Amino acid sequence: MASARVVRRQGSVVSASSEYFKSPGCFTCSCMRPRYKRLVDNIFPANPQDGLVKNNMEKLTFYSLSSPEKLDRIGEYIFQRASRDISRKKTCYVIIAMEAMDQLLSACHSQTLNLFVESFLRMVQKLLESTEPDLQVLATNSFVKFANIEEDTPSYHRRYDFFVSKFSSMCHNNATDIQVRKTLRLAGIRGLQGVIRKTVSDDLVENIWEPVHMDKILPSLLFNMQESERYPEVVGCCSLLPCHNKLIQGVVSLTGVRQGTYYKGGNGTRDDRDPNEPGVLADTCIRELVGRASFGHVGSLLRPVLRHLDQHSLWVPNEFAVHTFRIIMSSIQTQYSYAVVENLMSHLDSNINSSAKIRTSIVNVLSKIIAISAEESVGPSVLEIINSLVGHLKNSVTKREDFGEEIYREALISCLGEFSAHLPDYQKVEIMVFIVSKVPVGDVSGPEKLLQEMLLKSLLIISKKYTNVSMTTTFPVLLLEPMLRLCGNLEMTTLVQGVFHALLDRQGNLEKLRRPRIYPMHLKTEPCSRADTVFIRKYGEDIYGRILDAMSLPGNSLRTYSSLYTTLALVAIELISLSNITSYLTAVYSIQEVATTQASLSTKQKFHLHSICITLLHLILSILQIQPLGDYCDKIIEQRKNRAPHLLPDLKEDYGNTSPDIEVELLLDQNKLESMLRESGLDTGVLTRALTHRHSWVENTSVSMKGSVTDLNNLDLDSANSTPGLQRKYPEEELSFEAMKRILSDNNEQRKAENRRKQAELCLAFRTTAFSEIVNNNTVKDEDTLQTKLMELLQKNLPPVNPLPLQTEGPIYEVLFPELFAY
């Protein structure tokens, strides 16, 4: 027994160096040991400095491939030897054992890999638990090699939570030796990268997307990124990164370092940073992790990122936050990019009571990344984002006014514009309709007034990004009606007109039309399309009427008048042609009427209106080249230059002691305008009346209300025109050849003068005659009414009916329905 114990003790001692089993001619208990153990023992040299015995390692590899069922035992035995050597501080033998493990792992076929992996992972874990940095790095490198091996056979029991925790702690290593700290942090990041690669594609192993793991992985990577000296900006659009769903291009080395090209935002220059820096490697690891995320994992991915930024106060300043989210947006699969924006919007909602600086920084981050999301956002997701931004705008205007809140609101408006700029034009129109529906109407004050201004500024930014192709598409009724209604708001007129300017200007003439000018401006024009002609015929009077109402407001400034002029000038360039010029000239002439009839306007304002009137007339005539009207306009301009230069541009804030009286010869004459139009072969019917009603379609699109006594000029006094089949015939008219010849030969001017005289007499009669007398004079006799005529026609066409016999017994209803009255 004693000798046996000695032999066993000697065997255990000799097995460490394997010298005892190599002595020839000596029969010992080594001959009784399993072959796999002998092969394992033979790979360890007598002198550990010599390294792994390659010939014996090849024998062990051949044996393991020939007898794959022995793999688990081989791995377990190597693990036992390595564990004993770790406890005995024999680091060289531990390194040899780990190298053998790596070679066996590489040589094994994927079908038999599971038999060996359990021992391998226990070996890696044992080395990671040691306090030696070299062994931890060695274990990490081995684990990364294992992570790069694709397995065909799934594993049902393998867990990686220890590795996640250990590698995460290595990422936070704070050793005093800077080189050791850097080495261990790099090893930790590579280890996490290996865990990610091994787990995200295998549904049977540990779910890496669980919060318990994400709360360790992402903060560890972000910690190393923020420790970097600088953050290269990632281009927010797809110009440099054409495919979001592809991982960052590069070659994965054996140690897991992804060699990539980094770009500095803006100019797209290369950023050749050292890929072996912890911050650069963490950057690459996050890209890979985000690129593998599906839609359901986006929330799990972003929660720890947002929490890390909150806890470490990284929103102010927000350079690191912008850098992080640009990485996420440039790496995530394209169809999931809008989910990142939604999560960031939700985080902004949760920080609604935070300081203005934090909220502003979050919104600035949104502005940097929202452009990528806009291309993938469709339907409800677009309006949801817009509605959320508008909601934050509403909430901001209710807070105490300070400089921080003002910056925050400007950031929200900028974010909204940035998001809308990358949407299709039809969605821009929908957003403008949505925003204008949120604008408070009527006389508002306080927060609502500020909200009104902020929403109109948002509308202005979106309109500048819009490309106008058709006026009908650009100005749907749901957008045009509220916009025209807002023209009556004195303080918002300039903003509203700015929206009209951005949407109307298709030829790039806006800058040349900022203020009234008489001299040629070399404007770019194109013929008006049929669709645009239909649009201005349908809504022209309403547009002109609202602008004239705005011009009539007593509080208008020079800036307001200039913006209103610009709107009418753009309408002239984009929408007016020879077929609809008469209604436009009517509007121009009405500006002069406002200046001469509105007593509430100041002298300066009247001068402004007269200048705008002649400038618009000169503009439209120079575009359409109507010679008679052009000569008439030039004559008035020349007279004003000599006798009243204050009635011509430029508009001034102060006209000194200029007399408010204006000579009649310096004003436009309606009769002369009609005569010039007639000489040019154009219709003058529209010009004979003023803009009678300026708001008809706003209240009711089907009713044209007549709002003043002067409307009686065009009012039908009986129902002849509305009666089907009946036409008005005046007593002096008779349909004959002589009558037609007389009409052609008579002087049109005399006939028109006679008509105007009759209309004036009629208007005077209605103004001065008593109501009862008007009723008596205009009441139709019973025999001439439509109802009487209708009854006569019906009586003629009714079939004959046999008369009922006379009944004298009782009422007719008792005779016809006796059963109803039976007692």
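Labelled according to an unreviewed UniProt entry, the protein chain appears under the name EFR3-like protein, originating from Nezara viridula. Its UniProt record gives the protein chain the following Sequence similarities (unreviewed entry) comment, quoted word for word: "Belongs to the EFR3 family."

Participant: Which parts of the structure should I look at to understand the overall build of the protein chain?
Facilitator: A count of helices and strands for the protein chain gives 34 helices and four strands. Within the protein chain, buried positions represent 46% of all 823 residues. Of the contacts made within the protein chain by residues no fewer than 6 positions apart, 72% connect residues no fewer than 24 positions apart. Counting every atom, the protein chain has about 42,200 Å² of accessible surface; 53% of that belongs to carbon and sulfur.

Participant: Honestly, a nonpolar patch on the surface in this entry has me stumped. Any pointers?
Facilitator: The grouping of Leu790, Met791 and Leu794 at the surface amounts to a nonpolar patch, some 270 Å² of accessible area in total. Relative to the assigned elements, Leu790 resides in helix H33 (residues 786-797).

Participant: What is the right way to read the nonpolar core from this model?
Facilitator: Across soluble globular proteins, you tend to see nonpolar side chains buried next to one another. One finds Phe325, Ile435, Met551, Ile576 and Tyr584 to be the most contacted residues of the largest nonpolar core, which totals 202 residues. Those residues within four positions of Met551 in sequence are excluded, and the remaining contacts are Asn556, Tyr561, Leu564, Leu568, Ile591, Leu601, Leu609 and Ile612. One finds Phe607, Ala644, Leu651 and Tyr655 within the second-largest nonpolar core, a separate group that totals seven residues.

Participant: Sorry, what's going on with the environment of Ile431 here?
Facilitator: Along the chain, Ile431 turns up in helix H18 (residues 425-437). Residue Ile431 is classed as buried on the basis of its relative accessible area, which comes to 0%. As a C-alpha pair, Ile431 and Leu459 span 28 residues in sequence and 8.7 Å in three-dimensional space. Contact partners of Ile431, with chain neighbours within four places excluded, come to Val382, Ile386, Ser420, Leu423 and Ile462.

Participant: Looking at this structure, I do not really get the pattern of salt bridges. What am I missing?
Facilitator: Pairing of side chains with opposite charge becomes possible as their charged atoms draw close. Enumeration over the complete set of coordinates arrives at 22 salt bridges. Where Glu277 meets Lys182, a salt bridge forms, and the shortest distance between an N and an O atom there is 3.1 Å. One end of the pair, Glu277, is in the loop between strand E4 (269-271) and helix H11 (278-291); the other, Lys182, is in helix H9 (residues 178-199), with 95 residues separating them in the sequence. Overall, Lys182 belongs to the partly exposed group, its relative accessible area being 25%. Across the pair Arg757 and Glu754 runs a salt bridge whose closest N-O atoms are separated by 2.1 Å. Linking Arg757 with Glu754, this pair stays in helix H31 (residues 748-768), spanning three residues, or about one helical turn. Classification of Glu754 by relative accessible area gives partly exposed; the value is 31%. Each of Arg197, Glu288 and Arg292 takes part in one network of salt bridges that share partners.

Participant: Would you take a moment to explain helix H2 (residues 35-42) for this structure?
Facilitator: At 3.6 residues per turn, the α-helix brings residues three or four places apart onto the same side. Burial in H2 covers these residues: Tyr36, Leu39, Val40 and Asp41. Lining the buried residues of H2 we find helix H3 (54-66) and helix H4 (71-87).

The rules behind the values
Residues numbered from 1 in each chain as written. Predicted model: local features only at pLDDT ≥ 70, side-chain atom pairs only at ≥ 80, totals over all residues. Heavy atoms only, no water. UniProt positions renumbered as here; feature names shortened; annotations may be inferred. Helix = DSSP H or I, 4+ residues; strand = E, 2+ residues; numbered from the N terminus. Buried < 20%, exposed > 50% of the residue type's maximum accessible area, 1.4 Å probe, protein only. Contact = heavy atoms within 4.5 Å. Areas by Shrake-Rupley, 256 points an atom, 1.4 Å probe, with all protein chains shown as cover. Patch = residues over 30% accessible without salt bridge, like charges linked within 9 Å, V, L, I, M, F, W, Y side chains within 5 Å. Salt bridge = Lys/Arg side-chain N within 4 Å of Asp/Glu carboxyl O. Core = buried A, V, L, I, M, F, W, Y, C linked by side-chain atoms within 4.5 Å.

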